[in-house]
Amino acid sequence: MEVDIGLSLLEKKVKSYNKNDWDIIYKAYKFADKYHKNQKRESGEAYITHPLAVACILANMHADTDTLCAGLLHDVIEDTKASYEEVEKEFNPTVAFLVDGVTKISKMTLLSSNELIAQNIRRIIVGIKKDARIVIIKLADRLHNMRTLNFKKTDRQNKIALETLEIYVPLAYYIGSYQIKNELENICFYYLKPDAYRDLEKKLKVIHDSSKKLLNKMVIDVKTKLKQEGIKSHIELQYKDVYSVHKKLITKATIENIHDLLCIKVIVKTVKECYLALMVIHSLYPPFTYKFKDYIVKPKTNMYQAIHTTVFSEGNLLVQFQIRTKEMERIAMYGLTSYWFKNKNMASIKMQKDLENNFQFFKSISELDSSIKDNIEFVKRAKQELFSKNIYVRTTQGEIIELPTGATPIDFAYKIHTDLGNTMIASIVNDQAVPFDYKLQNNDRVRIVTDSKVFVPKDDWLNKVVTTNARRKIMDFIKSHEEER
Ligand code: MN
């Protein structure tokens, strides 16, 4: 990308939603350009094209002015002679704080020692606790680096792709930023398994081409029927990413067994219209009953909302419909950063509050950070709990609870409430009693039976839990009751 093109693209994007602050953003560009003057990227391009591209990614999310400035300046403290104080003086304390936060997450994690890698990963994870914008800028930074990964040597490409899959993809998922998550995953897969990627891409194209006519007809039919019911809608085909299909193929035998390969997205105005649209769709096509999910009443742990239903179309082809409002659509794409679209001034405060109160992984991060001093141990546990594959189980009230793979009913109980863990005498999963070290599975419905007079946690429970939360609470209990026992 040429510098002029990047700059005018950024200007156009910013001015589309922020008319007043271009001067200060331009100043940040000038400042970064001056300091990066003689630096080149591995592609041979002027270095400034990179911060410009990062700022463009942020402008797509309608980022606030401080974030855009920090995006342009994100490499100046680390890579040039510019200092924290200078950034603070020329801009403001928030911009300096954000740049500093991004800088502390160093770039050279892959060649450093275990302790340094661990320290760095810890900074990334904990950065979100201080100000989620630090991690959002870092994600934009990584996204652009991934987009230009072809200029690196193969072994570096693989290492960077692996690190991205391990750390950045889950982070993007946790803050609900599906757009970034999906693009990152696809690029990683492309570099890690180029043959498998191309093979699957081809297969998907054949399937999409052969079903296009039918799907387009369904779009028109649903739209027409909704209109008759007085509901205005925006309907489009949604193609699955190569990587997400690849992931599904790990558990499903063949591509034909994936029920949401063909997907139609229906966007309406209100929540009520979502349910009306569901009725309309089910009246047109018989639903595949086991494939109905109401994420409006029970949002995912990253706040994703929609109704998913799979139906039989003509020729018994399975097609998934995703129904949601415009607002939910924005959350589905941008997650936490969707606040930038509607809350101009208070967005960053609202974002941080929402993160603390509603996003389940935030509590786990705080818990880990306050209970573990050693960096390597911290990262080990964080990987186990936050970055390994999670399972989703339900309470008897239907609330969805996210737990790491391998979690037991004890982990579940302590996640709900300390007292529930401390008084549990039996665990029942899907109406069957199970032992305390039973490994919970996706979709399990878990009931904990308690008796406050009879039972207390035993030492050997420590071997039956995987979450730090449960481990710490059991140790607390044992410690405080040591004399009595
Ligand atoms: Mn950078």
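Residues numbered from 1 in each chain as written. Predicted model: local features only at pLDDT ≥ 70, side-chain atom pairs only at ≥ 80, totals over all residues. Heavy atoms only, no water.

### Section: the domain arrangement of the chain
Heads up, the rule is: Boundaries of every domain are those given by an automatic assignment or by a domain database.
Split by domain assignment, the chain resolves into domain 1 (3–192), domain 2 (194–335) and domain 3 (389–484). Just the C-alpha atoms count here: the centres of domain 1 and domain 3 sit 40 Å apart.

### As for the pattern of salt bridges
Oppositely charged side chains may form a pair once their charged atoms are brought near each other. This is how it is decided: A pairing counts as a salt bridge when a side-chain nitrogen of Lys or Arg comes within 4 Å of a carboxyl oxygen of Asp or Glu. Starting at the N terminus, helices and strands are each numbered in turn, a helix being any DSSP run of H or I of at least four residues and a strand any DSSP run of E of at least two. Summary of the burial criterion: residues with accessible area below 20% of their type's maximum are buried, those above 50% are exposed, and those between are partly exposed, where the area comes from a 1.4 Å probe applied to protein chains only.
Applying the stated rule across the entire model yields 27 salt bridges. For Asp431, the salt bridge goes to Arg445, with nearest N and O atoms at 3.4 Å. Within this pair, whereas Asp431 is found in the loop between β8 (424–429) and β9 (432–434), its partner Arg445 is found in the loop between β9 and β10 (446–450), the two being separated by 14 residues in sequence. With a relative accessible area of 30%, Arg445 lands in the partly exposed category. Each member of the salt-bridge network shares a partner with another, and the members are Glu236, Lys265, Arg324 and Glu329.

### Concerning the state of the cysteines
The criterion, for reference: In this description, a disulfide is simply a cysteine sulfur pair whose atoms lie within 2.5 Å.
On inspection of all chains with the given rule, the structure shows zero disulfides. Among the cysteines around Cys56, which has no disulfide bond, Cys69 carries the closest sulfur, lying 14 Å off. No disulfide involves Cys263; its sulfur sits 14 Å from that of Cys274, the nearest cysteine.

### Digging into the sheet that holds β10
Convention followed: Strands are treated as partners if at least two bridges between them are detected by DSSP. Geometry is summarised by axes, namely lines fitted to C-alpha atoms with helices restricted to the contacting stretch, and by angles between N-to-C directions that run from 0 to 180 degrees.
Strand order in the open sheet formed by three strands is β9-β8-β10, and the pairing between neighbours is antiparallel. The outermost strands of the open sheet, each flanked by one partner alone, are β9 and β10. Mean inter-strand twist for the sheet, computed between neighbouring axes without regard to direction, equals 35°. Where β8 lies against β9, three bridges are found, and the strand directions are antiparallel. Residue pairing for β9: Val429 is matched across the bridge by Gln432.

### Brief notes about the coordination of the manganese ion
Where we set the bar: Here the term donor refers to an N, O or S atom within 2.8 Å of the metal (or 3.2 Å for Na, K and Ca), and because water is left out of the atoms, sites may appear incomplete.
Taken together, the protein donors to the manganese ion comprise His50 (NE2), His74 (NE2), Asp75 (OD) and Asp141 (OD), at separations of 2.2 to 2.4 Å. When the donor residues of the manganese ion are listed from N- to C-terminus, their spacing reads H-x23-H-D-x65-D. Pair noted here: Asp75 is in the loop between α4 (65–73) and α5 (76–79) and Asp141 is in helix α9 (residues 132–147), with a separation of 66 residues, a long-range link.

### Focus on the environment of Ile175
Put simply, the test is: Residues are treated as being in contact if the distance between any of their heavy atoms lies within 4.5 Å.
Tracing the chain through its elements places Ile175 in the loop between α10 (154–174) and α11 (178–192). With 123 residues separating them along the chain, Ile175 and Leu52 place their C-alpha atoms 24 Å apart. Residues contacting Ile175, with those up to four places away along its chain left out, are Ile128, Ile136, Leu139, Tyr334, Gly335, Leu336, Phe359 and Phe361.

### Concerning the packing of aromatic side chains
The line we're drawing: In summary, the pairing rule links any two rings of Phe, Tyr or Trp, Trp by its six-membered ring, whose centres are within 6.5 Å, and it sorts them by plane angle into stacked for under 30 degrees, edge-to-face for over 60 and tilted for everything else. Whether a charge lies above a ring is judged from NZ of Lys or CZ of Arg, which has to be within 6 Å of the ring centre and within 35 degrees of the ring normal.
Applying the stated criterion across every chain, the model contains 16 aromatic pairs. Here Tyr26 and Tyr29 contribute two aromatic rings whose centre-to-centre distance is 5.8 Å and whose plane-to-plane angle is 40°, an arrangement assigned as tilted. Taken as a pair, Tyr26 and Tyr29 lie in helix α2 (residues 22–35) at a separation of three residues, close to a single helical turn. A relative accessible area of 6% places Tyr29 in the buried class. Linked through ring pairs, Tyr173, Tyr174, Tyr178, Tyr295 and Tyr304 together constitute an aromatic cluster. Sitting over the face of the ring of Phe91, Lys27 holds its NZ or CZ atom 5.3 Å from the ring centroid. Between the NZ or CZ atom of Lys300 and the centre of the ring of Tyr304, over which it lies, the distance is 5.0 Å.

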